[in-house]
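Remarks on the overall topology
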Amino acid sequence: MSIEIPQGLTELLQSFTVEVLRNQPRDLLEFALQYFTRLKERETTEAPFGQHERQNSAPRAAKAVNFIDEAMQIDSENGEEDDDDDDDEDDDEFMAPVINRFIRRASVCAEAFNPDEDEEDKEPLVTHPKTDEQRQRLQEACWDILLFKNLDPEEMSQVLDAMFEKFCVDGDHIIDQDDDGDNFYVIESGTFNIFVRADGAEKKVSCYDNRGSFGELALMYNTPRAATIIATSTGALWCLDRLTFRRIIVKNNAKKRRLYEAFIETLPLLTSLELSERMKVVDVISSRTYSDSQQIIAQGDLADCFYIVESGQVRITMKRSRTKKEQEEEEVDIAMCSRGQYFGELALVTNKPRAASAYAVGSVKCLVMDVKAFERLLGPCMDIMKRNIANYEEQLKSLFGSSTEIEQQSS
Ligand code: 1OR
Ligand code: 1OR
């Protein structure tokens, strides 16, 4: 009697084995769990559309669940990532976003994200003509938007072409929670409140003050709007329609996932997050490069970002009076952060100005997350951060115990 081997089993096990050999995971069971979860999620994402042949899913799956340690390669000798290579990558390697547990609506999901879709790509991109003055204002509003930071110049130009202006007055509902997502919004001017409804009660959770962007979540993950955004002054917004957002930003995010997922998996800070939440972190981060001695954070500044060191070293310094009598200040080194370590969390957690400065030592790359994403995604990591913050106080005492000590350190 012969036992029939199910179709696809050999390929499935082979693909898994290859990934294990490539990654050499310490915890094989955890790795297997993540591998097959991702495989299943990918299948769920694609299933309703039947875009791909699924006669034999294993080879395709092997591509989809690619744990290749690309993040390690980014950190190569010269510290430069090869974005250009990525541009030419076959779309077939695109990794669908992990479906999150908030997905509620079939109607929204039915338009699930599939940047491989040729038909969508054949459509000409939307263009809203603008005067020079409008384009100038638009560029100024967009220059610091993290979601745009990883775009190449052509993609950025396509995004700017597609954006259109919308004016609002106090009380306007820009977004209502649970609606389907239509646009992504970049704030040029105006203030806006953010409300979240939970258990029937609507609560103001935060606000935007003349800068920032919102409305990306529903477009990225095909979920209903997660919050209500109401203008609290007259304002001007730049809008990017859903289709263009998906064709350019979401597709670009898929590249980011391939680049950073392995690195993100190694960060001790994020261990309290679920895999899908860690992937959301990848979606909102952007990579910034700093040259030797460049200031990354200035003590006393207002804070809007959180940083994780991707490569190089970051020197943390604090200002102190040189002696008790003199007003003269000097900067004292208090810590060094290297690959995988984070900084810039203190001001965000305490809602105070930056407690210290940060400088690049040599060429440095950091992953940067804005304050809203930090608050939204890193709640579960707060315990680890707070423990670390408690240590600062202790170290502060020993480092700045006496002015003699400081003088010794600075000499
Ligand atoms: P969206 O497309 O879901 C509402 O539409 C937007 O509000 C959302 O994208 C975000 O861009 C923005 N939770 C969820 N969405 C938020 C939040 C938020 N803040 C801004 N948005 N939280 C507040 C974090 C400061 C978490 C509340 C529990
Ligand atoms: P931030 O948002 O205040 C500066 O911006 C960052 O430097 C801060 O967050 C921390 O992430 C980081 N005290 C204060 N900030 C520190 C310290 C620190 N170390 C790193 N940062 N220490 C006590 C002061 C002597 C720790 C010394 C080892």
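Note on numbering: residues in each chain are counted from 1, in written sequence order. For naming, the first written chain is A and the first written ligand is 1, with later ones following in the order written. Residue-level local features of this predicted model are given only where pLDDT is at least 70; pairs of side-chain atoms are given and counted only at 80 or more, and the full residue set underlies all totals for whole chains, interfaces and linings. Hydrogens and water are ignored here; the side-chain numbers use all heavy atoms of the structure.

1. A short note on the confidence of the model for the protein
For the protein, per-residue confidence averages 79 on the pLDDT scale, and residues scoring 70 or more make up 75% of the total. Note on residues 46–113: pLDDT under 50 across the span, and 151 contacts to partners over four residues away in sequence or across chains. Taken together, the stretch residues 402–411 has pLDDT below 50 and engages in 14 contacts with residues farther than four places along the chain or on a different chain. Every residue carries a pLDDT, the predictor's confidence in it, which falls somewhere between 0 and 100. Contacts are assigned to residue pairs that have any heavy atoms within 4.5 Å of one another.

2. Some thoughts on the site of ligand 1
One heavy atom within 4 Å of a molecule or strand makes the whole residue count as near it. In the vicinity of ligand 1 lie 18 residues, with Gly215, Glu216, Ala218, Arg225 and Ala226 positioned nearest. Separating an oxygen atom of ligand 1 from a backbone N or O atom of Ala218 is a distance of 2.8 Å. For helices the rule is a DSSP run of H or I covering at least 4 residues; for strands it is a run of E covering at least 2, with both sets numbered from the N terminus onward. Every element with two or more residues in the shell around ligand 1 is listed here: strand S4 (191–198), strand S5 (201–209), helix H11 (217–221) and helix H15 (371–377). Three classes are used: nonpolar for Ala, Val, Leu, Ile, Met, Phe, Trp, Tyr, Cys and Pro, charged for Asp, Glu, Lys and Arg, and polar for all others, with Gly counted as polar. Of the residues belonging to the shell around ligand 1, the class tally is 11 nonpolar, two polar and five charged. Residues adjacent in sequence count toward polar contacts only when both atoms are side-chain atoms; beyond that, a polar contact is any pair of N or O atoms within 3.5 Å, and within protein one must be able to donate a hydrogen and the other to accept it.

3. Details of the site of ligand 2
As a structural note, the neighbourhood of ligand 2 is formed by 18 residues, with Gly344, Glu345, Arg354, Ala355 and Gln395 the closest of them. Here an oxygen atom of ligand 2 sits 2.5 Å away from a polar atom, N or O, in the side chain of Glu345. Backbone polar atom of Leu346 to an oxygen atom of ligand 2: 3.3 Å apart, as the coordinates give it. Listing elements by their share of the shell around ligand 2, those giving two or more residues are strand S11 (305–321), strand S12 (329–337), helix H14 (346–350) and helix H16 (382–399). Ranked by residue count, the leading element in the shell around ligand 2 is H16, at four residues. Classifying every residue of the shell around ligand 2 by side-chain character gives 14 nonpolar, two polar and two charged.

4. Section: the packing of aromatic side chains
Each aromatic pair joins two rings of Phe, Tyr and Trp (for Trp, the six-membered one) with centres within 6.5 Å, and gets the label stacked for planes under 30 degrees apart, edge-to-face for over 60, and tilted for any other angle. Under the definition given, this model contains 12 aromatic pairs. Residues Phe16 and Phe36 carry aromatic rings whose centres are separated by 5.1 Å and whose planes lie at 40° to one another, so their mutual orientation is tilted. With Phe16 in helix H1 (residues 9–23) and Phe36 in helix H2 (residues 28–46), this pair connects stretches of sequence that are 20 residues apart. The buried label applies to any residue whose accessible area, calculated with a 1.4 Å probe on protein chains only, is under 20% of its type's maximum; exposed applies above 50%, and partly exposed to all values in between. Judged by its relative accessible area of 31%, Phe36 is partly exposed. Through a chain of ring-to-ring contacts, the aromatic side chains of Phe16, Phe31, Tyr35 and Phe36 assemble into a single cluster.

5. Considerations on the sheet that holds strand S7 (residues 228–231)
Read across the sheet, four strands follow the order S2-S7-S4-S5 without closing on themselves; strand pairing throughout is antiparallel. Either end of the sheet is taken by a strand with one partner, and the two such strands are strand S2 (173–175) and S5. For this sheet, the mean inter-axis angle between neighbouring strands, taken without regard to orientation, is 30°. Pairs of strands are assigned from DSSP output, requiring at least two bridges between the strands. Relative to S7, S2 runs antiparallel, the two sharing two bridges. The partner of His173 across the bridge, within S7, is Ile230. Orientation is described by lines fitted to C-alpha atoms, with helices fitted over the stretch in contact, and by angles between N-to-C directions that extend from 0 to 180 degrees.

6. Some points on unusual backbone geometry
Backbone geometry follows two general trends: most residues other than glycine have a negative phi, and most peptide bonds adopt the trans configuration. One non-glycine residue, Asp178, lies in positive phi territory at about 80°. Turning to its location among the elements, Asp178 is positioned in the loop between S2 and strand S3 (183–189). One non-glycine residue with positive phi stands out, namely Asn210, at about 65°. For Asn210, the location among the structural elements is in the loop between S5 and strand S6 (213–214). You can call Asn210 partly exposed: its relative accessible area is 38%.

7. A word on the packing of helix H8 (residues 132–142) against helix H10 (residues 153–162)
Axis separation between H8 and H10 bottoms out at 11 Å; the angle between their running directions is 120°. On the basis of the axis angle, H8 is oblique to H10. Relative to H10, H8 is oriented so that their crossing is right-handed. Across the interface between the two elements, Arg135, Leu138, Gln139 and Cys142 from H8 touch Met156, Ser157, Leu160 and Asp161 from H10. Its residues placed into classes, the contact of H8 with H10 shows four nonpolar, two polar and two charged. Roughly parallel refers to an angle under 35 degrees, roughly antiparallel to one over 145, roughly perpendicular to one between 65 and 115, and oblique to any angle outside these ranges. Here a crossing is taken to be left-handed if its near helix is turned anticlockwise relative to the far helix by less than a right angle, and right-handed if that turn runs clockwise.

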